[in-house]
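Descriptive analysis of the structure
Listed here are the chains, written in short residue letters.
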Amino acid sequence: MNIDDHERFRRMTDESLAGGIADDGERLLREHLDTCTGCREYHDASNRVVAGLRGFSFEADASLNARVLSSLRRSAQRGRRRWVWSSAAAVVLTMGGTLVDLRFGDLMASVFDIQRMQVREGLLTFWIVPSLCVLMLFPLLPLLGKAGTRREERI
Ligand SMILES: [Zn+2]
């Protein structure tokens, strides 16, 4: 067997590892590898390199996935915290407006020399109703936030 034959089998080894060769080619290669130490060593070494590359790409994917997952989780947590604080603020504002109306409505009416009902209307229009609107808006905010995050990710 001359040098070119071994060269041919080593090329077949590459092709076999890269994606497969025809069955009879594979059989010829196996037969040659059983009898030729040089080509078997080449085959084993190539096999290790390919296996190593596969392991490497798997590892890179796994750590990338973990990073992406943890950053997603972090941003979701941030969003939830923000949402809780804003909801709490809206509740406090709404209750505060109602309390001001109940406690200081008469006082304000006398200070500004207006009717008690006008104070209540003013508070309702400029404080309580806007607070309530913001409060009712909050169930929608996580959805809007999600849409915003999706937009950011696309950029
Ligand atoms: Zn050989």
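This one's a predicted model, so the numbers in the text were calculated from it and none came from an experiment.

Scoring rules and cut-offs
Residues numbered from 1 in each chain as written. Predicted model: local features only at pLDDT ≥ 70, side-chain atom pairs only at ≥ 80, totals over all residues. Heavy atoms only, no water. Helix = DSSP H or I, 4+ residues; strand = E, 2+ residues; numbered from the N terminus. Buried < 20%, exposed > 50% of the residue type's maximum accessible area, 1.4 Å probe, protein only. Contact = heavy atoms within 4.5 Å. Areas by Shrake-Rupley, 256 points an atom, 1.4 Å probe, with all protein chains shown as cover. Donors = N, O, S within 2.8 Å, 3.2 Å for Na, K, Ca; no water. Tetrahedral: all angles 85-135°; square planar, octahedral: opposite > 155°, others 65-115°. Expected span 1.5 Å × (residues − 1). Arc of directions from axis to C-beta. Axes fitted to C-alpha atoms, helices over the stretch in contact; angles between N-to-C directions. Parallel < 35°, antiparallel > 145°, perpendicular 65-115°, else oblique. Left-handed = near helix turned anticlockwise from the far one by under 90°. Nonpolar A, V, L, I, M, F, W, Y, C, P; charged D, E, K, R; others polar. Salt bridge = Lys/Arg side-chain N within 4 Å of Asp/Glu carboxyl O. Core = buried A, V, L, I, M, F, W, Y, C linked by side-chain atoms within 4.5 Å. Phe/Tyr/Trp six-rings, centres within 6.5 Å; stacked < 30°, edge-to-face > 60°. Lys NZ or Arg CZ within 6 Å of the ring centre and 35° of its normal. pLDDT = per-residue confidence, 0-100.

This part takes up the overall build of the protein chain. For the protein chain, the count of helices and strands is 5 helices and 0 strands. Overall, the protein chain shows an N-to-C arrangement of helices and strands of α-α-α-α-α. Here the protein chain holds 155 residues, and the buried ones make up 19% of them. Relative to all contacts within the protein chain whose residues are 6 or more apart in sequence, the contacts with residues 24 or more apart total 56%. Accessible surface computed for the protein chain: about 11900 Å², of which carbon and sulfur atoms make up 62%.

A separate point is the coordination of the zinc ion. Binding of the zinc ion to the protein goes through His-6 (ND1), His-32 (NE2), Cys-36 (SG) and Cys-39 (SG), at separations of 1.9 to 2.4 Å. Coordination geometry of the zinc ion: the 4 donor atoms subtend angles of 101 to 121° at the metal centre, consistent with an arrangement described as tetrahedral. Donor residues binding the zinc ion come from one chain and are separated in sequence as H-x25-H-x3-C-x2-C. With His-6 in helix α1 (residues 3–18) and Cys-36 in the loop between α2 (23–35) and α3 (37–111), this pair connects stretches of sequence that are 30 residues apart.

Now for α1. Taking 1.5 Å as the rise per residue, α1 with 16 residues should run 22 Å; its terminal C-alpha atoms sit 23 Å apart, in good agreement. Along α1, the positions that sit buried rather than exposed are Phe-9, Met-12, Thr-13, Ser-16 and Leu-17. Buried positions in α1, seen along its axis, are confined to an arc of 130° and lie on one side of it. Turned more than 90 degrees away from the buried face of α1, the exposed residues are Ile-3, Asp-4 and Ala-18.

α2 packs onto α1 with a crossing angle of 120° between their chain directions and a minimal axis gap of 10 Å. One finds that α1 runs oblique with respect to α2. Relative to α2, the crossing made by α1 is left-handed. On α2, the residues that touch His-6, Phe-9, Met-12, Thr-13 and Ser-16 of α1 are Gly-25, Glu-26, Leu-28, Leu-29 and His-32. Here the residues of the contact of α1 with α2 are counted per class, giving 4 nonpolar, 5 polar and 1 charged.

Taken as a whole and assessed by the stated rule, the structure comprises 3 salt bridges. The salt bridge partner of Asp-5 is Arg-8, with a shortest N-O separation of 3.8 Å. On the criterion of helical spacing, the pair formed by Asp-5 and Arg-8 is a turn pair, its members being 3 residues apart in helix α1. Judged by relative accessible area, Arg-8 falls into the partly exposed class, the value being 41%. Between Arg-27 and Glu-31 there is a salt bridge whose closest N-O contact spans 3.5 Å. Of the two residues, Arg-27 and Glu-31 both sit in helix α2, 4 residues apart, roughly one turn of that helix.

Among the nonpolar cores identified, the biggest contains 7 residues, and these are Phe-9, Met-12, Ile-21, Leu-29, Leu-33, Cys-36 and Cys-39. Counting only elements with at least two residues in this core, the list comes to α1 and α2. When residues no more than four places from it in sequence are discounted, the contact partners of Met-12 are Ile-21, Gly-25, Leu-28 and Leu-29.

The next subject is the packing of aromatic side chains. In this structure the tally under the stated criterion is 0 aromatic pairs. Of note, Arg-8 hangs over the ring of Phe-9, and the distance from its end group to the ring centre comes to 5.1 Å.

This part takes up the confidence of the model for the protein chain. Of the residues in the protein chain, 79% have a pLDDT of 70 or more, and the chain-wide mean is 77. Averaged over each element, pLDDT in the protein chain is lowest for helix α5 (residues 141–154) (61) and highest for α2 (93).

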